[in-house]
Amino acid sequence: MGFYASVVRPLAFRLDPEQVHELAMRCIRRGWVRAQPYSNPKLGQTLFGAEFPNPLGLAAGFDKNAVALDRWHELGFGFVEAGTVTYLPQSGNPRPRLFRLPEDQAIINRMGFNNDGAQVVADRIALARPPIPVGINLGKSRVAELEMAVDDYAASFALLHGLGDYAVVNVSSPNTPGLRSLQERGPLTNILQALKAIAAAKPLFVKVSPDLEFDALDEVIDVCLTTGCTGIIATNTTLSRESLSSVPDEDGGLSGVPLAERSDAVLAHLARACDDRMILMGVGGIFTADDLYRKISLGAHLAQVYTGWVYGGPSMVPTVLRGLVERMDREGVPDLATLRGSAI
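Reference entry: report on the structure contained in this document. (Residues numbered from 1 in each chain as written. Predicted model: local features only at pLDDT ≥ 70, side-chain atom pairs only at ≥ 80, totals over all residues. Heavy atoms only, no water.)

## A look at the sheet that holds strand β5 (residues 98-101)
For step 1, the next point in the chain: The three strands are arranged β5-β6-β11 in an open sheet whose pairing can be described as antiparallel. Each edge of the open sheet is held by one strand with a lone partner, namely β5 and β11 (253-256). Going from strand to strand, the sheet's axes swing by 20° on average, the running direction of each strand aside.
For step 2, the next point in the chain: For β5 and strand β6 (residues 106-109), the ladder comprises four bridges, and the chain directions are antiparallel. By the bridge assignment for β6, Leu101 is matched with Ala106. (Pairing = 2+ DSSP bridges. Helix = DSSP H or I, 4+ residues; strand = E, 2+ residues; numbered from the N terminus. Axes fitted to C-alpha atoms, helices over the stretch in contact; angles between N-to-C directions.)

This is the structure we're talking about:
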């Protein structure tokens, strides 16, 4: 057991989760948290014009305000997704709003898109010089009524589309009232068409809920293909509590190990239905090299981690990447393209 697992994590888990997150972000931003990044030619790939040194990125929600973009490569990440960013700055839901479930290796959050707003984040990203690709995750401002969602997303995109390597339309968080209804064909089409009218060439992804039925996912795929999106991210957090050892009395989205099975099923369904017409990112329950191997074998071009990194600590990403290459070598898999989709 390493120093993080035996000393740092037990101490940190005695404190309020959000306070620990804020402290961690301050330390990361100052370069006080480091790891020994792992690189291997097998892990590199070029997707939608961006060079990814490895397929494992930091999911949206950790660096919400893009304050540490120049640091994440030092921890081994192949890319980072900033946000979720809303057009208007907002404080999010009342605290406490972040909860650990150590017995299930999970987290529940109901943060509510707390962020500094699109203009401040845009100014910050413009000054950053990260050596890895950056995505920007866009959400709806809480004060914007659902019928004004198109204008709200478009206003954020107008400020941010010239920055980063791709943008994400987040219509799947369970923590903004009514947001998930924007995954339906009509509203989603209107949002994506509005963003494409602003910057047609910008790589655009849609992040989907794990709680959608497969027929609803097929509608999302159809909308993404029709509007010229680059890809889909599977998945956001879940409202389900079925996989927990005990059900906590806390509302919000569940992430971590209990999400893995459902997010895997969604990813595999997308991979079968998209048939290489979409770039897919797999998110949900990545803790080990085998988890990452599984996501790619189910069709993911890229993968993202959040909860697994909280539990695994600074050395988690290099450890997972090294283990991925070792397993690829053992099984005679020459590259990520060969592995991708092999399980379906």
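## Digging into the packing of aromatic side chains
For step 1, the next point in the chain: With the rule as written, the count across this model stands at 13 aromatic pairs.
For step 2, the next point in the chain: Each ring, one from Phe48 and one from Tyr166, has its centre 5.9 Å from the other, and the planes form 80°; the classification is edge-to-face. Here Phe48 is found in the loop between β1 (45-47) and β2 (50-52), whereas its partner Tyr166 is found in strand β8 (residues 166-170), with 118 residues between them in sequence.
For step 3, the next point in the chain: The class for Phe48 is partly exposed, based on a relative accessible area of 22%.
For step 4, the next point in the chain: Judged by centre distance (5.3 Å) and plane angle (85°), the ring pair of Phe62 and Trp309 falls under edge-to-face. Separated by 247 residues along the polypeptide, Phe62 in the loop between β3 (56-58) and β4 (79-85) and Trp309 in helix α9 (residues 307-312) bring together distant segments of the chain.
For step 5, the next point in the chain: Residue class for Phe62 comes out buried when judged on its relative accessible area of 5%.
For step 6, the next point in the chain: Ring pairing ties together the aromatic residues Phe48, Phe52, Phe79, Tyr166 and Phe205, which thus form one cluster.
For step 7, the next point in the chain: Across from the ring centre of Trp32, 5.6 Å away, lies the NZ or CZ of Arg30, which sits over that ring. (Phe/Tyr/Trp six-rings, centres within 6.5 Å; stacked < 30°, edge-to-face > 60°. Buried < 20%, exposed > 50% of the residue type's maximum accessible area, 1.4 Å probe, protein only. Lys NZ or Arg CZ within 6 Å of the ring centre and 35° of its normal.)

## A look at the environment of Pro131
For step 1, the next point in the chain: If you trace the backbone, Pro131 turns up in the loop between α3 (118-127) and β7 (134-138).
For step 2, the next point in the chain: For the pair formed by Pro131 and Leu212, sequence separation is 81 residues and the distance between their alpha carbons is 35 Å.

## So, the sheet that holds β4
For step 1, the next point in the chain: Read around the barrel, eight strands follow the order β3-β4-β7-β8-β9-β10-β12-β13 and close on themselves; strand pairing throughout is parallel. For this sheet, the mean angle separating the axes of adjacent strands, direction not counted, is 25°.
For step 2, the next point in the chain: As paired elements, strand β9 (residues 204-208) and strand β10 (residues 231-234) share four bridges and run parallel to each other. Bridge pairing in β10 links Val206 to Ile232.
For step 3, the next point in the chain: Contacts between helix α6 (residues 214-227) and the sheet are confined to β9 and β10, with β9 contributing the most and set at about 170° to the helix. (Contact = heavy atoms within 4.5 Å.)

## Overview of the packing of helix α5 (residues 185-198) against α6
For step 1, the next point in the chain: Running from N to C, α5 and α6 cross one another at 25°; their axes reach a closest spacing of 10 Å. Classed by the angle they form, the pair α5 and α6 counts as roughly parallel. Crossing of α5 over α6 shows right-handed handedness. Contacts from Arg185, Leu188, Thr189, Leu192, Gln193 and Lys196 in α5 reach Glu219, Val220, Asp222, Val223 and Thr227 in α6. (Parallel < 35°, antiparallel > 145°, perpendicular 65-115°, else oblique. Left-handed = near helix turned anticlockwise from the far one by under 90°.)

## With respect to the pairing of β8
For step 1, the next point in the chain: Most of β8 is tucked away: five of the five residues are buried.
For step 2, the next point in the chain: What you see with β8 is no split at all: Tyr166, Val168 and Asn170 on one side and Ala167 and Val169 on the other are buried throughout.
For step 3, the next point in the chain: Relative to β8, β7 is paired through four bridges, and the arrangement is parallel. Counted as the bridge partner of Gly135 is Tyr166 from β8.
For step 4, the next point in the chain: Crossover connection from β7 via helix α4 (residues 149-160) to parallel β8: handedness right-handed.
For step 5, the next point in the chain: Two elements, β8 and β9, share four bridges in a ladder whose sense is parallel. Bridge pairing in β9 links Ala167 to Leu204.
For step 6, the next point in the chain: The parallel pair β8 and β9 is bridged by α5, and the resulting crossover is right-handed. (Right-handed = clockwise from strand over helix to strand, strands pointing away.)

## Side note on the nonpolar core
For step 1, the next point in the chain: Counting 103 residues, the largest nonpolar core has Trp72, Tyr153, Leu160 and Trp309 as the members making the most contacts within it.
For step 2, the next point in the chain: For this core, the leading source of residues is helix α10 (residues 316-330), giving seven residues. (Core = buried A, V, L, I, M, F, W, Y, C linked by side-chain atoms within 4.5 Å.)

## Notes on empty space enclosed by the protein
For step 1, the next point in the chain: The tally for this structure, following the rule as stated, stands at one cavity of 30 Å³ or more.
For step 2, the next point in the chain: The volume enclosed by the largest cavity comes to roughly 30 Å³.
For step 3, the next point in the chain: Elements with a contribution of two residues or more to the lining of the largest cavity: β7, α4 and β8.
For step 4, the next point in the chain: Looking at the lining of the largest cavity, its residues break down into seven nonpolar, one polar and one charged. (1 Å grid on protein atoms, 1.4 Å probe; cavity = no way out; pocket = protein on both sides within 12 Å on 5 of 7 lines; lining within 4 Å. Points joined across faces, edges and corners; volume = space filled by probe spheres on them. Nonpolar A, V, L, I, M, F, W, Y, C, P; charged D, E, K, R; others polar.)

## Comments concerning helix α7 (residues 260-274)
For step 1, the next point in the chain: Between its first and last C-alpha, α7 extends 21 Å over 15 residues, near the 21 Å set by a 1.5 Å rise per residue.
For step 2, the next point in the chain: Among the residues of α7, Ala260, Ser263, Asp264, Val266, Leu267, Ala268, His269, Leu270, Ala271 and Cys274 are the ones counted as buried.
For step 3, the next point in the chain: Taken together, the buried residues of α7 touch β9, α6, β10, β11, β12 (279-283) and α8 (289-297).
For step 4, the next point in the chain: Two residues or fewer after α7 comes Asp275, characterised by a positive phi angle close to 50°. (Expected span 1.5 Å × (residues − 1).)

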